[in-house]
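Below, each chain spelled out in residue letters.
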There are 2 protein chains.
Amino acid sequence: MRASRYHLNTLKEAPSDAEVASHQLMTRAGMIRKLAGGIYTYMPLGLKVIRKVEAIVREEMNGAGAVELLMPVVQPAELWKESGRWEQYGAELLRIKDRHDRDFVLQPTSEEVITDIARNEIHSWRQLPVNFYHIQTKFRDERRPRFGLMRGREFTMKDAYSFDRDDEGAQRSYDVMYDAYMRIFKRLGLEFRAVAADTGSIGGDRSHEFQVIADTGEDLLVYDPGSDYAANIELAHAPSLLAERAAPAESLAKTPTPGAAKCQAVADLLGIPLARTVKSLVLATDPEDGPAQIWLLLLRGDHELNEVKAGKLPGLKAGWRFATESEIVEHFGCKPGYLGPIGTAKPVRVVADLTVANMSDLVCGANAEDFHYTGVNWGRDLPEPELVADLRNVVAGDIGPSGQGLAIQRGIEVGHVFFLGTKYSEALNATFLDETGKPALLRMGCYGIGITRIVGAAIEQNHDARGIIWPAAIAPFQVAICPVGWGKSATVRDEAEKLYAALQEQGVDVILDDRDQRPGVMFAEWELIGVPVRVTVGERGLADGVVELQSRRQGENVKVAVGDALAQTLAALAQA
Amino acid sequence: MRASRYHLNTLKEAPSDAEVASHQLMTRAGMIRKLAGGIYTYMPLGLKVIRKVEAIVREEMNGAGAVELLMPVVQPAELWKESGRWEQYGAELLRIKDRHDRDFVLQPTSEEVITDIARNEIHSWRQLPVNFYHIQTKFRDERRPRFGLMRGREFTMKDAYSFDRDDEGAQRSYDVMYDAYMRIFKRLGLEFRAVAADTGSIGGDRSHEFQVIADTGEDLLVYDPGSDYAANIELAHAPSLLAERAAPAESLAKTPTPGAAKCQAVADLLGIPLARTVKSLVLATDPEDGPAQIWLLLLRGDHELNEVKAGKLPGLKAGWRFATESEIVEHFGCKPGYLGPIGTAKPVRVVADLTVANMSDLVCGANAEDFHYTGVNWGRDLPEPELVADLRNVVAGDIGPSGQGLAIQRGIEVGHVFFLGTKYSEALNATFLDETGKPALLRMGCYGIGITRIVGAAIEQNHDARGIIWPAAIAPFQVAICPVGWGKSATVRDEAEKLYAALQEQGVDVILDDRDQRPGVMFAEWELIGVPVRVTVGERGLADGVVELQSRRQGENVKVAVGDALAQTLAALAQA
């Protein structure tokens, strides 16, 4: 490609709403242009990267035996009503009406449609297993779209759906996809981690996320440096930090703690470690018949509630919310900040975190403003907790399966594999005739990859102050040839053209910057765009028989003989 | 590809709503599955063809210097209000609201968005010309979607938009696209015709349609066998069939024609040629202030009104409709069937077709039930027509530019190129700084290709009683290897595998039918699917050292020596 025939338009400034590097850099590099909140035009440079990601995903999906089809963006509501998601899915599901006032949705995923296809297409066990996928435009009406392509409303996703005769087969299909995903993210050239994950609203029993490691990621990943254990913090087990409960050493005392409404303030005031305090979190559930039920969750003062774990407690599975201030005052006889399990105004259900259940002489709110209890002991000062459960987020250093301390890093979720079982096949009655001739429910798995999000995540992981640093596999161009003095020097033009032709012949995706720009402007532009290898061809260098090679990632300029330019460029690209 | 790993599912019966061959055959061959009215899932076989069409279109667009980007499916209403199309576009424009109650559309085309991009991206004449295109999902909420992929609601279109400094440049861009389209449709292997066309609602001055020739086409194409003149019948000039008006030979007579409300009945009753009669068509316009205005259009009895031409008459350009029966009775004092220009109850505006204006002694309605006038002559019995214009459709035999009779054939519109001028750049104020540093409006062209419609049109043109006959360039597979006795014979398997590997090595898109099906079932399936070349490998043939080759189009089986199988298959494919 010649730059003069391409559309390049880099910007000095990022838009004011761009909070993260990928959003800023994609806009500045001219890869995307905002059309509306969370809706972007993919400009030529951006689309080129997206297509390279798609091509790798497609090759590996095909290689893993999956079959590509394309399901529509606009899907009839009937199927979504059949699965129940028409009601369950929140405002993110964009519901629309056609000219005849019939209900449709803009698809956020396609479980319903593929299950409908399967129940019509698959009749016999002989047709199984089969894995259908498509790469299609998705729409999720995010309340607050942000971070450019990372959390857009319109985006591109690859979603695959496997169908099997039984759970064993479905597990095999799952493993095949897991392996394919490992290959995909390796080929993309990204540092990533596959972690065990919660199955969320899609449901099912088994699930892994593929996370691109980046400090700006919204997910926290827990991993064991001594084993292959890795999980999303939503799911990662947080062990008790106390092997057993020590005998009480203090007596219960109602202690004034004026103005100390947070555990840290209480610890400071009383001169005790934060790990001696217990915090009270008040949740509510709303049974269909009867008034709201109030739950008191107790965590150590330095720990954080894991809301996903809370949602798995018996009694909270159907959904929960934080209690309102008036509910709290009604049940505890006290405003928030001084709450605790002893002497509540009305009965509440008490759940203690694993660590809290083993604490002795603990400090908690006294259900009286400006007072805390110290020397609190289970069984003596209050009943044993109704329920003891893992309620907290793992913290770095918690002991992992290998016996070593767990580590935590941030990631961006770019892929997700789910074992679905019969969730959708049951709802839509998708059956096949098994070997005995009897109808049986199809066993399903689903497998997503956020194509456009990968582009954002790749930049979050790979950039510096000057711009993007593309992995070679998905760079919009692999090599940029920058001739200095294009307009003036026939020698420069000839050598640049020669190298351009030679690289093209080798199948390299190369751009020749024939716009006759000043070197500084040209270099800054290609560094912003992030092309892995730059070759500078100038009269001065040619007089010495050399051109200059620069790897975007390493940054240093290397002079190479004109005769070696092709081989050296290819070598630099192989290492990029 | 091995058939056992692919998803093939052919059907014996076409769905009851499939009116045309392509809809029937695509469904039977398992290429598409209906999800809702006009909304289809592209099954693996169908998607494969679509992707081949896309690839050819993309290559030629890139080769012609156009730059690919991707504009969103969901577009904000603001831009459509700025262009005026929010109001002008009918119910086919699917208008939706997001969760914040903001207005959006599902794009049917992207003139507004690309013009918005251009006004933000293009600052200087130095950036021109540029031609942006995308291949994207479109949505048009057709009142009555039908014909499968030929008139769907969700479909795939390639739309390109050129931007130039002046009209000369824009014409050059138009010509470049015209030439690219010629190459595209040639490469697709379709019989087609580029015809001059009406610019319709998109507007602009110059336009050509690319039509795939097919008897089932909805468009009528007029062409001159003696020159390169070709036009859509909507636009094709219909000359006067009478060089000049003959002198009157009869006197005016009010003649009883009981029950003869149609020209043919009148001609039969009076024993005169249909070409002596004149029919009356009553149109109405609705001025913003004031009552409806009534127009009487006169055509020879054997001619048909061309509604597009009517819409170009002075006074009718802003829109017209057929008059209601009560309007007709009010203005003519008579019900339809006996209307004419003489003695109307109220004044009406009379427009005569070119031929009618030169007729003498003509026969027309007398504005009295069961009566016609005979011997009617312009200037003597009624005033000269207020307006004389080309109002009719061309009929075969009308004299064309070369002096030969024009011919008519049916076509399916699959591509359209428009010279837009400043229609959108003016509405959206899309300017650039010209060489003198002054802002000037961008000159635009737009260029569409119906990717998915091409697939339907290709089938309408290429099929027989047994199924589809794909042009090799867009066949889902180019060659099908059909082993007879796959399960039993190792010899058959070995030879089939050998040929399969050899063809793959040559880059041929080949499918090996390893499903161990009976030959009749297998042959019928591949003939339905329409693979251009079939190679049958069977034990009996192998015993004689031969395999059988069949070209789907020619149909005859040819025995070729096993050693020549590869070369002969390639040769058959080259001729397919």
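Chain A is annotated in an unreviewed UniProt entry as Proline--tRNA ligase of Orrella dioscoreae. You can read under Subcellular location (unreviewed entry) in the UniProt record for chain A the words "Cytoplasm". In UniProt, chain A has this text filed under Subunit (unreviewed entry): "Homodimer."

Q: Can you lay out the packing of helix α2 (residues 44–63) of chain A against helix α6 (residues 167–187) of chain A for me, pointing to particular residues and giving the numbers?
A: Residue and element names in this part refer to chain A. Close contact between α2 and α6 brings their axes to 9 Å; oriented N to C, the two are set at 150°. On the basis of their axis angle, the class for α2 and α6 is roughly antiparallel. Like other packed secondary-structure pairs, α2 and α6 cross with a definite hand, here right-handed. Contacts from I56, V57, E59, E60 and M61 of α2 reach α6 at M177, A180, Y181, R183, I184 and R187. Looking at side-chain class alone, the contact of α2 with α6 contains seven nonpolar, no polar and four charged residues.

Q: Give a description of the interface of chain A and chain B that names residues and reports values.
A: Taken together, the contacts link 53 residues of chain A with 52 residues of chain B. Buried surface at the junction of chain A and chain B, both sides included, amounts to about 4300 Å², of which 61% is carbon and sulfur. Contact with chain B buries area across many residues of chain A, yet L35(A), R99(A) and E121(A) alone supply 16% of it, more than any other trio. One salt bridge connects R51(B) with E68(A), and the closest N-O pair in it is separated by 3.2 Å. Partitioning the side of chain A that touches chain B into residue classes produces 27 nonpolar, ten polar and 16 charged.

Q: Please give an account of the nonpolar core that cites residues and values.
A: Residues F163(A) and F163(B) are the most contacted members of the largest nonpolar core, which totals 217 residues. Contact partners of F163(B), with chain neighbours within four places excluded, come to I114(B), T115(B), A118(B), I122(B), L128(B), P129(B), V130(B), F132(B), L442(B), R443(B) and M444(B).

Q: I'd like a description of the environment of A565(B), backed by residues and values.
A: Residues and elements named next belong to chain B. For A565, the location among the structural elements is in helix α16 (residues 565–575). Using a relative accessible area of 5% as the deciding quantity, one classes A565 as buried. Here the alpha-carbon distance between A565 and Q171, two residues 394 residues apart in the chain, equals 50 Å. Look past the residues within four positions of A565 in its chain and what remains in contact with it is L499, V547 and V560.

Q: Describe the relation of the copies chain A and chain B, and please don't skip the residues or the numbers.
A: Note on the identical chains: chain A maps onto chain B by a rotation of 180° and an axial translation of 0.0 Å, with an RMSD of 0.0 Å. Here the two chains are linked by the operation of a two-fold rotation axis. Ranked by how close their C-alpha atoms come to the rotation axis, the residues of chain A are headed by I96(A), at 3.0 Å. Of the interface residues in chain A, 98% have counterparts in chain B that sit at the interface too, so the contact is made through matching surfaces.

Q: So what's going on with the sheet that holds strand β4 (residues 74–76) of chain B? Which residues, and what values?
A: Residue and element names in this part refer to chain B. Here three strands make up an open sheet; going across it, the order is β4-β6-β5 and the pairing antiparallel. Strands at the two margins of the open sheet, each flanked by one partner only, are β4 and β5 (95–97). Ignoring strand direction, the axes of neighbouring strands in this sheet form an average angle of 40°. Looking at chain direction, β4 and strand β6 (residues 103–106) are connected through three bridges and run antiparallel. Residue pairing in the sheet places V74 in a bridge with L106 of β6.

Parameters and conventions
Residues numbered from 1 in each chain as written. Chains lettered and ligands numbered in written order. Predicted model: local features only at pLDDT ≥ 70, side-chain atom pairs only at ≥ 80, totals over all residues. Heavy atoms only, no water. UniProt positions renumbered as here; feature names shortened; annotations may be inferred. Axes fitted to C-alpha atoms, helices over the stretch in contact; angles between N-to-C directions. Helix = DSSP H or I, 4+ residues; strand = E, 2+ residues; numbered from the N terminus. Parallel < 35°, antiparallel > 145°, perpendicular 65-115°, else oblique. Left-handed = near helix turned anticlockwise from the far one by under 90°. Contact = heavy atoms within 4.5 Å. Nonpolar A, V, L, I, M, F, W, Y, C, P; charged D, E, K, R; others polar. Buried area = accessible area lost by both parts, 1.4 Å probe. Salt bridge = Lys/Arg side-chain N within 4 Å of Asp/Glu carboxyl O. Core = buried A, V, L, I, M, F, W, Y, C linked by side-chain atoms within 4.5 Å. Buried < 20%, exposed > 50% of the residue type's maximum accessible area, 1.4 Å probe, protein only. Least-squares fit on C-alpha atoms with pLDDT ≥ 70 in both. Pairing = 2+ DSSP bridges.

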